[in-house]
Structures are given as C-alpha cells and as structure tokens.
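Each chain is listed here by its residues.
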Amino acid sequence: MNPAPPAPSGKAGRPYQSPRRAQAAAETRATILATAMRLFLEHGYGGVTVSDIAREASIAVPTVYASTGGKSAILATLIDTAQRDPIVEATLSAVRDRRTPHDVIRVLAHGVRVDNERYHDMVQVMVAAATLDETATATLVESDRRYRQDLAQAAHRLRDLHALRPGMTLDRATDILWFYLGHQAWHLLVADRQWSWDDAERWLGEQASTALLDPGLEQRAPTRARRRRARPREG
C-alpha cells in the first residue's frame, strides 16, 4: 500500500530569489541603460538599434529585451529615472517653504536649472526621438506634463502668497513659468546662444518674476512693515 501524500501545509510557496542573481540583473540593466544613452548621444536615437546596444554592452539581444525592453522602452526608463531625481522634490519642498514670492521664484529657477543642466543631453535625445517614434512622442508628452505639473505647484504657492498679477489665473501663471523655465528656454540660451548656466538662471528668474508678480508688491511691503511696527503692545 502506497503511503498517502503529505497534507498541504496551507502556506503558499515563495519563489526563491538569489541576492547575487538580483544584483547581477540590476548590474546588467544599468549597463544596458548606460550603453544605450552613450550610443544615443553619439549616433542619435534613430541611428541606434537594439543589436547595437547589445553588442556594445557585450550582452545578448534577448537579454536586452528581457531586462529593459526595446529601444523606446529604454528611452522611457532613462527619462523616468531623470524625473525621479531627488532635486525635483527638494526644489518643490523649498518652494512650499518660502515666504516671499521672489524667494519662491529664485529657488524654483535654481532647482530647475540644476535639473536641466544635469539631464540636458538626455532631453535632447528625447526631443529628437519624438520625431521618429510614436512611443517616444508619448514619452515626451508625459514628461512635459509632469514638468508643467511641478511648475504649477510654484504657481499655487505664488497665489497663496497673493503675489500674482491682478486677474492672472493659475493656468496662465503655469504657462509663463513653462515659457521661461521649460526645457526650450534653457536649450536656447545655453546650447544655442552659449550663455553660461549661471547667467541663464539669473536672467530667466528675473524675467519670470517680472511677468508673474504684482507690481504693487513693492509698495505694499513697506506698508505692511509699518503696520506691524505700529501695533500697540499687549499688556
């Protein structure tokens, strides 16, 4: 008589994940992404194939697809990584903490400058890729949407400080921030016209302040200060 099979324990088995295997997979993925970025910069997005990436990375083509997906998926991963850079949240946190409108725009301009300087080449690859690939176009559209969403937080802060020009809506304020602090403004001044990043940051911040802020702020500030000094002390 055959022995009865052991009763099920009721616990679902968990697939074993080797730490070494996970580390190797992460290193392979990082190698693919770094190689792809280098080739995109050297030859343009349209001049690079997955086979090129695999050959340069010394990795089999099926491994590239399994690890990162095709070329458009690789680009989307590179852009997503850039948008998760800690500088983004650090800048937005500083914007929320600032108590004067000029400080809001100053810290915003600086944080956006750092981000654009760090990822300028990657953004240009994405813009070029969008002319060749529908998936890359969707990546660009989503990237711009998230960028504008971040700028809108600064517009909200300026509204909360009662600093926007009379009648200016949040949408209009966000449009102005996008005009002065979006990717194209930095590329035009720094790449096309050879401005330094410092000069571009200073000038774009000043122009954004002039376009956004209520001119009456300067007149109201001394009045508020006099009122605070004139308040009688309690007791």
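Please read all numbers here as calculations on a predicted model, not as lab measurements.

A. Just the environment of Leu 41, in detail. Mapped onto the elements of the fold, Leu 41 is located in helix H1 (residues 19-43). Leu 41 sits 80 residues away from Asp 121 along the chain, and the two C-alpha atoms are 7.3 Å apart. Ignoring sequence-local partners within four residues, the contact set of Leu 41 consists of Asp 121 and Val 125.

B. View of the pattern of salt bridges. Applying the stated rule across the entire model yields 14 salt bridges. Across the pair Asp 52 and Arg 55 runs a salt bridge whose closest N-O atoms are separated by 2.8 Å. Residue Asp 52 and its partner Arg 55 are located together in helix H2 (residues 50-57), separated by three residues, close to a single helical turn. Residue Arg 145 is joined to Glu 142 by a salt bridge in which the shortest nitrogen-to-oxygen separation is 2.7 Å. In this pair, Arg 145 and Glu 142 both sit in helix H7 (residues 134-160), three residues apart, roughly one turn of the helix. Among the residues examined, Arg 145 registers a relative accessible area of 42% and is labelled partly exposed. Residues participating in the shared-partner salt-bridge network are Arg 113, Glu 117, Asp 198 and Glu 201.

Criteria and cut-off values
Residues numbered from 1 in each chain as written. Predicted model: local features only at pLDDT ≥ 70, side-chain atom pairs only at ≥ 80, totals over all residues. Heavy atoms only, no water. Helix = DSSP H or I, 4+ residues; strand = E, 2+ residues; numbered from the N terminus. Contact = heavy atoms within 4.5 Å. Salt bridge = Lys/Arg side-chain N within 4 Å of Asp/Glu carboxyl O. Buried < 20%, exposed > 50% of the residue type's maximum accessible area, 1.4 Å probe, protein only.

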